[in-house]
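Results of the structural survey
Listed below, chain by chain, are the residues.
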Amino acid sequence: MREIPGRRRKLSLRRGDRSAVLTAALAYATEWQWPVLPGVGLRPDGGRLRRCSCPQPDCAAPGAHPFDPGLLAATTDARMVRWWWTNRPDAPVVLATGGRAPCAVSLPAVAGARALAAFDRAGIRLGPVVATPTRWALLVAPYSLEVLGELLHRQDWVPGSLLFHGEGGFVALPPSPTGAGRVRWERAPQPAGPGGPTRAGGSAESVKGAFSGGIRTFRADRAERGERKERTTRPARPWLPDVSALVDVLVEESAGTGTPGGGSRLAY
């Protein structure tokens, strides 16, 4: 059978993308102990993978939310993660937020860019920032609903465009394909310790290695020793800021992106 020019390269690129998603999912679950599960994914719509595979025709997060399995199935077990993405290699990687896992605060991309600039001017260190073309999410240390309620009650007004992903919530992680576009790191994860924020594509001596899609891992000891044995201590998890350090700026910068009259003091 005659080979179609370019077909082998396209297939190779697709397999590479799928391998990157599985590699990322395994790193999140096993190295950082972040509970993950596959998102519902996308289905063709007019020849393009843009429509969510869930039954909702007006899905607010196409492809990037749990469906089957549900959110409670999120795990850090390597065998389960490998089985999921071996059977569904194109599925987005969804982080179940809250509990001992990171939480997140998300806002429209335009407001997110303004907020990051404001944090930089103030010298406030940020943790990982997840981005799609339409929305950015800042990962933060786990918080309780009570703590969040107190923080928001101090605000005169909370824009409806500002969303909080705590216990029972979720966020899609890089390099997931979603209806809004592929998820990427706007600010790459960095280990705990002194130092300023690391921009996506930037370099830091403490950040070692990279997977396709931008995920960073921290394996300096392993590289120096040249060993493949399982270490007695886990690799450093990414540093996460406290949500209390970010709320004021996020509320201010997202205030102009909500619908007129949207939002309230208790919109969390």
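Residues numbered from 1 in each chain as written. Predicted model: local features only at pLDDT ≥ 70, side-chain atom pairs only at ≥ 80, totals over all residues. Heavy atoms only, no water.

In terms of burial, strand β7 (residues 135-140) is largely enclosed, as five of its six residues are buried. Judged from the six bridges that link them, strand β5 (residues 103-108) and β7 form a sheet pairing that is antiparallel. From the neighbouring strand, A104 faces β7, where its bridge partner is L139. Strand direction decides the pairing type here: strand β6 (residues 129-131) and β7, joined by three bridges, are antiparallel. Of the residues in β7, the one forming a bridge with A131 is W136. Following β6, the chain reverses through three residues before pairing antiparallel with β7. (Buried < 20%, exposed > 50% of the residue type's maximum accessible area, 1.4 Å probe, protein only. Helix = DSSP H or I, 4+ residues; strand = E, 2+ residues; numbered from the N terminus. Pairing = 2+ DSSP bridges.)

What follows concerns the sheet that holds β7. Strand order in the open sheet made by the five strands is β8-β5-β7-β6-β12, with antiparallel pairing throughout. At either end of the open sheet lies a strand with only one pairing partner, and these are β8 (163-165) and β12 (184-187). Between one strand and the next, the sheet's axes are offset by a mean angle of 30 degrees, whatever the strand orientation. As paired elements, β6 and β12 share three bridges and run antiparallel to each other. The partner of A131 across the bridge, within β12, is R184. Along the sheet face, helix α3 (residues 109-122) touches β5, β6, β7 and β12 and points at about 115 degrees away from the line of β5. (Axes fitted to C-alpha atoms, helices over the stretch in contact; angles between N-to-C directions. Contact = heavy atoms within 4.5 Å.)

So far we have only geometry, and geometry alone does not tell us how the molecule works.
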